[in-house]
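One-letter residues, chain by chain:
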Amino acid sequence: MNTCVSRPASVMISSASVRTETESASSDNYHIGLYGSRAFGPLSLRSGLNYTFSGIETVRDVTMLGQKLKADYDAGTLNLFGELGYRMAAGGSPSTEPKLPCPSTSG
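Caption draft 1: Representation of the packing of aromatic side chains within the structure. Under the definition given, this model contains 1 aromatic pair. Plain terms: the ring middles of Tyr30 and Phe53 are 6.4 Å apart, the flat faces sit at 25° to each other, and that makes the pair stacked. Of this pair, Tyr30 sits in strand 3 (residues 23-40) while Phe53 is found in strand 4 (residues 43-62), placing the two residues 23 residues apart along the sequence.

In structure tokens:
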């Protein structure tokens, strides 16, 4: 049996923003994940999870009403995935491995 557990090389941080004369929006995102695999002879199981936390802010000036509308939200997305593979070789030729992927996302 061969086992591997790892995490992404780093925690990823991303940001996006849009600004006009009367509106602005921004999103700051933090991503982290974990991955693992285990081989049982020719059968292998791979799985992992990723989590993203997002902080979202918007501002809008409603000049007709003289108001400034603001929104500030936090959101999280969890992505789970798994894969089952079976390595097959035919008489000295390179091996092939059909896979059965099983993705799942929750937001």
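Caption draft 2: Region of the structure containing the pairing of strand 4. Across 18 bridges, strand 3 lies against strand 4 in antiparallel orientation. Note that in strand 4 the partner of Ala39 across the bridge is Ser44. Hairpin connection, strand 3 to strand 4: the antiparallel pair is bridged by 2 residues, and Gly41 has positive phi, about 70°. In this sheet, strand 5 (residues 67-86) lies alongside strand 4 in antiparallel orientation, the contact comprising 20 bridges.

Caption draft 3: Seen up close, the side chain of Ser44. Within the secondary structure, Ser44 is located in strand 4. For Ser44, the side chain forms a polar contact with the side chain of Arg46, separated by 3.3 Å. Setting aside chain neighbours within four positions, we find Ser44 in contact with Arg38, Ala39, Glu83, Leu84, Gly85 and Glu97.

Caption draft 4: Here's a closer look at the pattern of salt bridges. Tallied over the entire structure, the rule returns 2 salt bridges. Of the charged contacts in the structure, one is a salt bridge between Arg60 and Glu23, with a shortest N-O distance of 3.1 Å. Of this pair, Arg60 sits in strand 4 while Glu23 sits in strand 3, and the two are 37 residues apart along the sequence. For Glu23, a relative accessible area of 33% gives the class partly exposed. Here Glu83 ties to Arg46 by a salt bridge, and the two come within 3.2 Å at their closest N and O atoms.

About the thresholds
- Residues numbered from 1 in each chain as written.
- Predicted model: local features only at pLDDT ≥ 70, side-chain atom pairs only at ≥ 80, totals over all residues.
- Heavy atoms only, no water.
- Phe/Tyr/Trp six-rings, centres within 6.5 Å; stacked < 30°, edge-to-face > 60°.
- Helix = DSSP H or I, 4+ residues; strand = E, 2+ residues; numbered from the N terminus.
- Pairing = 2+ DSSP bridges.
- Polar contact = N/O pair within 3.5 Å; in protein donor to acceptor, adjacent residues only side chain to side chain.
- Contact = heavy atoms within 4.5 Å.
- Salt bridge = Lys/Arg side-chain N within 4 Å of Asp/Glu carboxyl O.
- Buried < 20%, exposed > 50% of the residue type's maximum accessible area, 1.4 Å probe, protein only.

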